[in-house]
Amino acid sequence: MIVAQGEYVYEIRDQGSPIAVETVRLSADLLSGMRRSSSGNLYEVEARLDAGAIVQSIRLRYVRGPFSRTATYEAAADVLRGTITALGGRNTLEVKLGRFREVDAGLTVFKALLIAHVRARGQNRWTARVAVIDPATLVAKSIKQSLYRVEAEPGKWLFEPAIGERETIVVDEAGRVLTHVTHGGVAAQLLPK
């Protein structure tokens, strides 16, 4: 495992006000987590990982009041195939995976896995396509993203999820994300145990 296994709890704040809590459990072959917002919305993820911590399959669920939707995706060859179920309807979706087969399902731990993979390859900068799953719609898209290590500050990375957007991610030696601040000012902070 390229990121320390265990349980992580992140407090998510927007402009200083708490808006959600993320709880994640990471083991050698399984990642499970949930984000519960202060408004009561719930987002759950369970991903099966291979020996290199690459997502092989993933199940997701989003609940907002009486409304819920679920999705399952499987990585096969160079595509991520999935089914989204909501309001009695069922849609299939296929998204091309990037050359490193990265998947980001919206929880902070997925940024830790992305950085760990880049570090394991001995890279300080990286640009490639990522299959990004939107936590509210559960729809996956293939998006070109970039990541750069800040040379003057070990553990600090600049992340560009889209052109013109810049986020800051700080990781420790064990690969855990300590802080993640988005371009919009939303910040995730790892809480001490």
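Predicted model only: the values in this text are computed from it and were never measured. (Residues numbered from 1 in each chain as written. Predicted model: local features only at pLDDT ≥ 70, side-chain atom pairs only at ≥ 80, totals over all residues. Heavy atoms only, no water.)

## Regarding the packing of aromatic side chains
Two numbers describe a pair of aromatic rings. These are the distance of the centres and the angle of the planes. Going through the model one piece at a time under the given rule, you end up with zero aromatic pairs. Here the basic side chain of Arg 121 rests over the ring of Phe 100, its NZ or CZ set 3.6 Å away from the ring centre. (Phe/Tyr/Trp six-rings, centres within 6.5 Å; stacked < 30°, edge-to-face > 60°. Lys NZ or Arg CZ within 6 Å of the ring centre and 35° of its normal.)

## Observations regarding helix 1 (residues 108-120)
Here helix 1 is 13 residues long and its end C-alpha atoms lie 19 Å apart, about the 18 Å a rise of 1.5 Å per residue gives. Taken across its 13 residues, helix 1 has 11 buried, putting it largely inside the fold. Listed in full, the buried residues belonging to helix 1 are Thr 108, Val 109, Phe 110, Lys 111, Ala 112, Leu 113, Leu 114, Ile 115, Ala 116, His 117 and Val 118. Of the residues one or two after helix 1, Gly 122 is the one with positive phi, at around 75°. (Helix = DSSP H or I, 4+ residues; strand = E, 2+ residues; numbered from the N terminus. Expected span 1.5 Å × (residues − 1). Buried < 20%, exposed > 50% of the residue type's maximum accessible area, 1.4 Å probe, protein only.)

## As for the layout of surface pockets
Space inside the largest pocket adds up to approximately 790 Å³. As for the largest pocket, its lining consists of 36 residues, of which Arg 35, Gly 106, Lys 111, Pro 135 and Thr 182 are closest to the centre. Broken down by secondary-structure element, the contributors of at least two residues to the lining of the largest pocket are strand 2 (17-26), strand 3 (30-37), strand 4 (42-49), helix 1, strand 10 (125-133), strand 11 (140-149) and strand 15 (186-190). When its residues are assigned to classes, the lining of the largest pocket shows 19 nonpolar, 10 polar and seven charged. (1 Å grid on protein atoms, 1.4 Å probe; cavity = no way out; pocket = protein on both sides within 12 Å on 5 of 7 lines; lining within 4 Å. Points joined across faces, edges and corners; volume = space filled by probe spheres on them. Nonpolar A, V, L, I, M, F, W, Y, C, P; charged D, E, K, R; others polar.)

Just distances and angles here, no functional claims.
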